[in-house]
Amino acid sequence: MNQPSARRRRTGYLFCLPGMAFLALFLAYPLLYNVWTSVHDLDLGQLLGGAERFNGLDNYRSVADDPAFWHSVRLSLVFTCGSLLLQFTIGFALALLFARPFPLNGLMRSLLLIAWLLPPVVSGTLFRWMLDAESGAYNALFQAVGLSGLSHDWLTDPSTSMAGVVFANVWVGVPFNMLLLLVGLHTIDPELHEAAAIDGASAWQRLRHITLPLMRPVSVTVLLLGLLYTFKVFDLVFVMTGGGPVDATRVLSLYVYEVFFTFFRFGQGAAAGLLLLVVPLLAGVWYVRRLRREDEAPAGGAV
Amino acid sequence: MSYPLDRRSFLRASGATAAAAALGAGAALTSCSSDTSGPVTLKWWDYFTLDNFQPGMNRLIKDIEAGVPDVRIERRTFPFAELERQITLGAISGDLPDLAIVDNVAMNTLGSSRLLADLTARVKKWGQADQYYKGPWEGCQVGGKTLGIPNNSNCLALYCNTRMLKAADVEPPTTWDELASAAQKLTSGDRYGLALSAINTEEGVFQFLPFLWQAGGDLDTFSTYGATALTFLDELIAKGSLSEQCVGWTQQDVNTRFLNQRAALQINGPWQIPTLKKADFDWNVVALPRDKEAATCLGGENWVAMANSKHVDKVWEVLEYTQRPSVLVPYLVAFGELPARKDLADRGSWASDPALRLFLSQLPLARPRQYGAHYAEASQAVAEAEQAVLTGSASPSAAARTAAGKIDKALGEQ
């Protein structure tokens, strides 16, 4: 077909307008306002008195000078990497399982999804209770099966509280990973597996040389979505530990929240908030560039 | 579209809400003139969301609407932890109440924010300042101005399970040494001698500060006396008299332990009395054990008027009205709260109830947490030090030194 007429193009733009207005109002405006805040000296008194003062990169500097900030960055990375690795591996294993037909497959799959449908505040509260040292379900379970050596004050011991919140987050994330990976598995032509089997490839060889390579694009998408969700996670951790004990689970989002709403240091909070955007932004840019490269690659290179 | 990068243009650009915000910010700067033609509707915010507070609150509001001429109250409630935040956000968006009942510790942030109306002249004319207990009244004074009126007061004391104490042949402790030995004697099986809250929020700090003060120190001498107080608690944990779990307990959790008889002693406030009255065991309350000096922490709420309100005079009329004994006593009784006024000490349920009387007798000792605008940061440093010691990740002296550095920095920024 030839180029769309100017009229049609105008109509096209018209359809985009509501979306663009939405983005401008709810994304661009707060983001720019945040940038503005991050370069001003702004606490509660100054905000009300209108005495805010441009202070360049001072807020960024004081955030970078704050050991608590770097501690929370490290915690965020631990939380994100731990969660992604576990929920992806378990999700993949479950996807492989559910890719085969067996009785009650559909029912069990939908039951698993409930974990993902629950609001994080609910799952956080549930896990806080289940991991409680005295009345929690896990310790009771360990004791009941004679493994009382495993019972532990999971969330009130600084050395295990991070493991506790990662555990809860993995539980929340597994069904989502499983679902997307399962869809990916269904796009692989079964004939490939049949042909390989006839050629004498073992199940492990087929997984390694057929399934895994063909699943790479889906896997990247799943991991990226997981990264975006996990890096900014707030509610689950806030409900489970409030960042404690001491500061053992004060991930970056909790740090930002604290600077804003406990200390009312708006300028520094905005600066730290923008830094919270950096990791997901870098990952997003990398992903988009990768997609473009794949689009340009010869047909057959990607699923 | 391009905007010059200044806040007001930004706010205007986002439409109606923003316009309201700009007006709000403007109004905050101009002094408040009241237009008293016809009935005035006052916006009122508080955090008394629980069901058992509603009858008392509704009655108070009805009483005000009947007793103060031409006034209507429009009440809105927020969860406890949300109110101060909402007031702050309201300051940005221009959506603020005319009056509010806020936690007394919120005076640190709000008091230095220009959000609160100066009531000094009105209070002077009223002439009842000397009727209030020192702690609660001083909690309303910021920078030489009166920015609020105490609504009610509370403080901490030690609850004892009398049967357990009798069985273990233990007297209610009055000093730290007695507390330590009593807690140890009362510990057995899955029952701890003492329960207290050491959670990493203001709640935990509220419970910790009395130990610091009893040791003879304060926030500005934390590296010395903070270490003394932390050592004392650390030893309780080491001996098993206090559960390490307390780093995750709220005061509500502590009371639950006491109610389930899994703690023989607990540090808590008078707001637990209504629940404890339903318990099927005997208990009593004594003053917090002392070390170098006796001390307890002041809690409770203050009335405040917002500086940007167009009706500050009307708000003051309401506040003055609520402080009349005929209004205040039934209201406080309905809430199970203690008065902040000395002249009411012999009225209400606190005149006859021994537990309430004990709490009331502690009010003159109760200290407000009044440390200025950056108290929140100092408070967090205290909570972290306590958590680090009680979970065994730092020694009391090291934790106290780290915290002292943060506290000095925060409180030095006034």
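Remember, it's a predicted structure, so these values are computed and weren't measured experimentally.

Cut-offs and rules
Residues numbered from 1 in each chain as written. Chains lettered and ligands numbered in written order. Predicted model: local features only at pLDDT ≥ 70, side-chain atom pairs only at ≥ 80, totals over all residues. Heavy atoms only, no water. Helix = DSSP H or I, 4+ residues; strand = E, 2+ residues; numbered from the N terminus. Rg over C-alpha atoms; globule rule 2.2 N^0.38 Å. Buried < 20%, exposed > 50% of the residue type's maximum accessible area, 1.4 Å probe, protein only. Contact = heavy atoms within 4.5 Å. Areas by Shrake-Rupley, 256 points an atom, 1.4 Å probe, with all protein chains shown as cover. Lys, Arg positive; Asp, Glu negative; His and termini not counted. Charge placed at Lys NZ, Arg CZ, Asp CG, Glu CD. pLDDT = per-residue confidence, 0-100. Buried area = accessible area lost by both parts, 1.4 Å probe. Salt bridge = Lys/Arg side-chain N within 4 Å of Asp/Glu carboxyl O.

Now for the overall build of chain B. Regarding its fold elements, chain B presents 18 helices and 12 strands. Against the 2.2 N^0.38 benchmark of 22 Å for 414 residues, chain B shows a C-alpha radius of gyration of 23 Å, consistent with a compact globule. Along the first, second and third principal axes, the C-alpha set of chain B runs to 70 × 55 × 35 Å. Considering chain B as a whole, with its 414 residues, one finds that 55% of them fall into the buried category. For chain B, the proportion of contacts with a sequence separation of at least 24, taken over those separated by at least 6, is 76%. Just so you have it, chain B exposes about 16,700 Å², and 51% of that area is on carbon and sulfur atoms. Charge centroids of chain B, computed over 39 positive and 46 negative side chains, lie 3 Å from each other.

With that out of the way, let us pick up the confidence of the model for chain A. Summary statistics for chain A give a mean pLDDT of 89 and a share of 96% for residues scoring 70 or more. When the elements of chain A are averaged for pLDDT, helix α2 (residues 44–49) of chain A gives the smallest value, 72, and helix α4 (residues 67–98) of chain A the largest, 95.

The topology assignment puts L227 of chain A in helix α10 (residues 203–231). Apart from residues lying up to four places away in sequence, L227 of chain A is in contact with T80, L84 and A283 of chain A.

The interface of chain A with chain B comprises 33 residues on the first partner and 38 residues on the second. In total, chain A and chain B occlude about 3,200 Å² of area from one another, counting both sides; carbon and sulfur atoms represent 58% of this. For the pair chain A and chain B, the number of links is 2 salt bridges. Close ionic contact of R265 of chain A with E377 of chain B constitutes a salt bridge, the shortest N to O distance being 2.7 Å.

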